[in-house]
Amino acid sequence: MDQQVATPASSAIIRSAVDDPKVTSKDVCVFYGEKQALFDVNLDVPRNAVTALIGPSGCGKSTYLRCINRMNDTIPIARVTGEIKIDGQDIYDPDLDVVELRARVGMVFQKPNPFPKSIFDNIAYGPRIHGLVRDKTDLDELVSESLERAGLWNEVKDRLHEPGTGLSGGQQQRLCIARAIATKPDVILMDEPCSALDPIATAKVEELMLELRQNYTIMIVTHSMAQAQRVADKTAFFHIGYMVEYGDTKQIFEDPQDKRTQDYIFGRFG
Amino acid sequence: MATQDTISSPAAASSRQLNDPALLRRRYSAERRFQAYGLAAIMVALFFLVVLFTSIISQGWTAFLQSSIRLDVTLDKSEFTDADGNVSDKAIRLANYAKLGRDALQNALGIEKPGRPEKRKLKELLSRGIDTQIRDVIEADRSRIGQTVPIWLLASDNVDALLKGSIDRDVPEARRQLDNRQVAWVDKLVEEGRLEKKFNWGLFTFGASSQPETAGLGVAIIGSFFMMLIVALVAVPIGVAAAAYLEEFAPKNTLTDIIEVNINNLAAVPSIVFGLLGLAIFINFMGLPRSASLVGGLVLSLMTLPTVIIATRAAIRAVPPSIREAALGVGASRMQALFHHVLPLALPGILTGTIIGLVQALGETAPLLMIGLVAFVVDYPVTPMDPATALPVQIYMWASSAERGFVERTMGATLVLLLFLFVMNAAAVYLRRRFERKW
């Protein structure tokens with residue numbers, strides 16, 4: 001333990017600078033009551049790219065991800081310090097409307113969680129509450145566009161009014177991605193989106209991420225190092241609340257600098 | 001402890017045989033024994049349920065039949081005119097209906113010029129409720145005055161009891177409620193098809209009465225209906241709002257902990273205490289009328305509130321957090337997440353809890369006794385401010401009446417109350433199925 005605490009935050013190894021970052025974090029700390037879960041994270045996330053957050057369970061990667069759309073606000077005892085900016089705008093600014101933020105920063109969860117409503121209503125819900133569409137035609141268009149982008153349109157176009165919960169797990173997860181896209185976000189957060197899916201569904205979601213990368217900034221938490229290597233442009237390694245090493249995915253996996261990163265990547269723990 | 005040993009020392013594990021028959025047998029028999037206990041418990045419960053229903057139904061079913069005598073009543077014009085010889089409301093109100101009924105009965109039996117004792121005996125065969133029956137016929141159409149109209153008149157409770165077999169014909173005349181002559185008349189009327197047991201609509205329409213044959217649940221049913229309405233309008237919105245706030249918005253601190261403990265405590269407070277509370281607050285302090293179903297409804301609302309809150313909180317808590325996260329994740333506010341997603345999914349549970357609360361309130365007696373709903377109310381209450389009674393209170397009042405006719409009515413009223421409870425429970429099951437959604 002002493003060794004961990006002695007590691008100063010500034011010792012995080014940043015392998016490559018990011019020009020014009022989409023999301024910047026400065027000295028982000030998260031506390032759950034008395035317990036500190038995240039220590040001074042400094043991270044610049046590149047625009048229109050996939051950034052993977054990896055690390056053993058309990059390392060704080062999901063906690064960090066949930067700071068970006070302020071999902072941690074829903075936990076009464078959680079407290080976030082430091083600064084997170086999206087396009088230069090402080091998202092913890094007290095004047096900022098968290099509802100707007102969450103429309104701009106979409107989220108896909110570990111377990112597919114479609115609403116127990118029709119496929120159409122699942123997608124239409126976000127645009128409706130944010131007033132993104134003027135009439136029915138607009139809405140229909142937005143729904144089909146979102147489903148197309150999520151690669152689900154051809155599979156569901158004939159049964160848009162059947163319940164979303166009737167789809168297979170992989171389809172449900174892509175439905176959730178389509179739902180996130182429908183509010184026109186520019187950042188999509190994915191918290192282990194494939195951990196409940198079989199390899200074929202996983203492959204589809206990964207393919208989708210590579211496509212979406214062109215228009216969205218994607219941050220993904222994953223336990224699968226192979227997945228991070230397949231999809232991510234940048235990778236950050238977290239360990240017990242610290243961001244240990246951050247750089248191009250290739251650098252991190254082929255030539256990790258920190259001892260802890262090496263141990264994790266070469267399978268010596270975790 | 002044995003298992004721990006086996007785990008810690010591999011030597012012990014290898015020394016024990018896999019599928020040790022003695023161990024297997026012991027485990028299997030323990031399982032069978034447990035199932036037998038469970039089955040026995042269910043059988044005992046079922047047995048008592050069957051006993052309860054058999055006794056209620058066997059004693060109560062006759063309450064749904066009432067003996068009536070078809071008589072041709074001559075509506076003699078002189079009975080309904082005042083001194084000037086005109087038909088007037090007052091004269092109709094004061095007419096001697098008992099005499100009209102008795103004359104009709106006397107004609108039907110072919111008795112000419114009866115003496116005073118015979119007149120009294122004839123009168124005893126008819127209910128005192130025939131006044132209202134004949135008056136209603138006249139009020140429906142006044143042109144009937146002066147004509148002879150066939151009317152089914154209520155028989156007295158003794159005649160009813162004789163027909164239902166609860167007066168024993170073998171009892172010596174001196175100790176029997178009807179003497180030999182009266183029994184003979186009754187037999188003759190039955191033979192002629194004039195005296196019949198008909199379905200007892202009066203049980204559902206009449207108000208309070210000291211005669212069992214004209215006593216009914218009308219006032220009690222209306223009173224109970226008003227109370228259920230008030231409980232549904234007061235307890236349900238307050239209860240659901242309180243539960244939703246506590247579950248979704250309230251900060252978790254000492255204050256909310258205290259509130260939570262107290263809600264659970266309130267659910268266990270004896271119901272009569274709520275009656276005392278209602279008496280002190282609604283009647284003595286706020287000055288609302290006694291015996292009013294409004295006060296009864298408010299007291300029952302207070303009593304039902306904890307049940308509704310607890311059931312709603314449980315239903316809200318049962319909604320998977322992933323749905324809440326999904327809604328918040330697409331940018332719904334907490335209130336939107338609650339109203340668009342959480343409450344609709346919790347609805348079946350809320351409905352079930354609410355109806356269970358209503359059922360509880362419908363069967364509640366003690367608090368109503370405290371606020372004067374044990375009144376003798378003859379007229380239907382029109383508003384919740386009018387005096388009324390409630391179904392369980394009516395059962396209580398009838399149960400403490402002496403007449404034989406009230407015994408079967410007590411059981412009959414119990415059956416009616418049970419029927420309402422069944423219907424409401426069935427509604428709860430139906431609504432739960434109807435609104436249940438899978439996720």
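Scoring rules and cut-offs
- Throughout, a residue's number is its position along its own chain's written sequence, starting from 1.
- Key to labels: chains lettered from A, ligands numbered from 1, both in the order written.
- This being a predicted model, a pLDDT of at least 70 is required before a residue's local features are given, and a value of 80 or more before pairs of side-chain atoms are given or counted; all residues contribute to the totals for chains, interfaces and linings.
- Side-chain measures here rest on the full set of heavy atoms in the structure, leaving out hydrogens and waters.
- Secondary structure elements are taken from DSSP: a helix is a run of H or I of four residues or more, a strand is a run of E of two residues or more, and numbering for both begins at the N terminus.
- Atoms considered for the radius of gyration are the C-alpha atoms alone. The globule rule reads 2.2 Å times the number of residues to the power 0.38.
- The classification of residues rests on relative accessible area computed with a 1.4 Å probe and restricted to protein chains. Under 20% of the type maximum is buried, over 50% is exposed, and intermediate values are partly exposed.
- With residues, only the protein chains shown are counted as cover, and all accessible areas are computed by Shrake-Rupley using a 1.4 Å probe.
- Under this rule, positive means Lys or Arg and negative means Asp or Glu; His and the chain ends count for nothing.
- All charge positions are set by atom: Lys at NZ, Arg at CZ, Asp at CG, Glu at CD.
- For every domain, the bounds stem from an assignment made automatically or drawn from a database.
- Simply put, the buried area is the total loss of 1.4 Å probe accessible area from both parts when two parts are fitted together.
- We define a salt bridge as a side-chain nitrogen of Lys or Arg found within 4 Å of a carboxyl oxygen belonging to Asp or Glu.
- By definition, residues are in contact when any of their heavy atoms lie within 4.5 Å.
- Think of a polar contact as two N or O atoms within 3.5 Å of one another; within protein, one of them needs to be a possible hydrogen donor and the other a possible acceptor, and neighboring residues in sequence only count if both atoms come from side chains.
- Whether two strands pair comes down to DSSP finding at least two bridges between them.

A. Geometry of the overall build of chain B. Looking only at helices and strands, one finds 19 helices and three strands in chain B. Its C-alpha atoms give chain B a radius of gyration of 32 Å, clearly above 22 Å, the size a compact globule of 439 residues would have. In terms of overall dimensions, chain B has C-alpha extents of about 110 × 60 × 40 Å along its principal axes. Within chain B, the fraction of its 439 residues that count as buried is 43%. Looking at chain B as shown, the accessible area adds up to about 23300 Å², and 62% of this sits on carbon and sulfur atoms. Within chain B, one finds 44 positive and 39 negative side-chain charges whose respective centroids are separated by 6 Å.

B. Seen up close, the domain arrangement of chain B. Residue and element names in this part refer to chain B. Segmenting chain B into domains produces domain 1 (16–60), domain 2 (65–200) and domain 3 (218–435). Between domain 2 and domain 3, the C-alpha centre-to-centre distance is 45 Å. Carbon and sulfur atoms make up 29% of the surface buried where domain 2 meets domain 3, a total of about 430 Å² over both sides. Connecting domain 2 to domain 3 are one salt bridge. Across the salt bridge formed by Glu408 and Lys164, the nearest N and O atoms sit 2.8 Å from each other.

C. Representation of the environment of B:Ile395 in the model. All names here are of chain B. Inspection of the secondary structure puts Ile395 in helix α18 (residues 391–399). When the C-alpha positions of Ile395 and Thr410 are compared, they lie 5.3 Å apart, and in sequence the two are 15 residues distant. Those residues in contact with Ile395 that sit more than four places away from it in its chain are Thr410, Ala413, Thr414 and Leu417.

D. Examining helix α4 (residues 119–130) of chain A more closely. For α4(A), every residue scored as buried is listed here: A:Ile119, A:Phe120, A:Asn122, A:Ile123, A:Ala124, A:Tyr125, A:Gly126 and A:Pro127. Looking at the buried side of α4(A), the elements it contacts are α5 (136–149), α6 (153–156) and α7 (169–182) of chain A together with α16 (334–362) of chain B.

E. Expanded view of the interface of chain B and chain A. Listed as interface residues are 18 residues of chain B and, on the opposing side, 21 residues of chain A. Together, the buried faces of chain B and chain A total about 1700 Å²; carbon and sulfur atoms form 63% of this surface. The largest contributions to the chain B side of the interface with chain A come from B:Glu325, B:Val330 and B:His341, which together make up 32% of the buried area. Inspection of the chain B/chain A interface yields one salt bridge. A salt bridge links B:Glu325 to A:Arg66, with the nearest nitrogen and oxygen atoms 3.0 Å apart. Viewed at the interface, chain A and chain B are joined by six residue pairs in polar contact (both at pLDDT 80 or more). Those elements that place two or more of their residues in the side of chain B that touches chain A are α15 (321–329) and α16 of chain B.

F. Region of the structure containing the side chain of A:Thr217. Residues and elements named next belong to chain A. Mapping Thr217 onto the fold places it in strand β9 (residues 217–221). A distance of 3.1 Å separates a polar side-chain atom of Thr217 from the backbone nitrogen of Asn48. Leaving out residues up to four positions away in the same chain, Thr217 has contacts with Lys22, Val45, Pro46, Arg47, Asn48, Ala49, Asp186, Val187 and Ile188.

G. Region of interest: the pairing of strand β7 (residues 105–108) of chain A. Residues and elements named next belong to chain A. The two faces of β7 match: Val105 and Met107 on one face and Gly106 and Val108 on the other face are all buried. Strand direction decides the pairing type here: β7 and strand β8 (residues 187–191), joined by four bridges, are parallel. By the bridge assignment, Val105 is partnered in β8 with Val187.

H. View of the pairing of strand β10 (residues 234–239) of chain A. Residues and elements named next belong to chain A. Within β10, six of the six residues are buried, which leaves it mostly tucked inside the rest of the structure. Here β10 runs beside strand β11 (residues 242–248); their pairing, made up of six bridges, is antiparallel. Paired with Lys234 across the two strands is Asp248, which belongs to β11. Hairpin geometry of β10 and β11 is characterised by an intervening segment of two residues between the two adjacent antiparallel strands and by a positive phi of about 45 degrees at Ile240.

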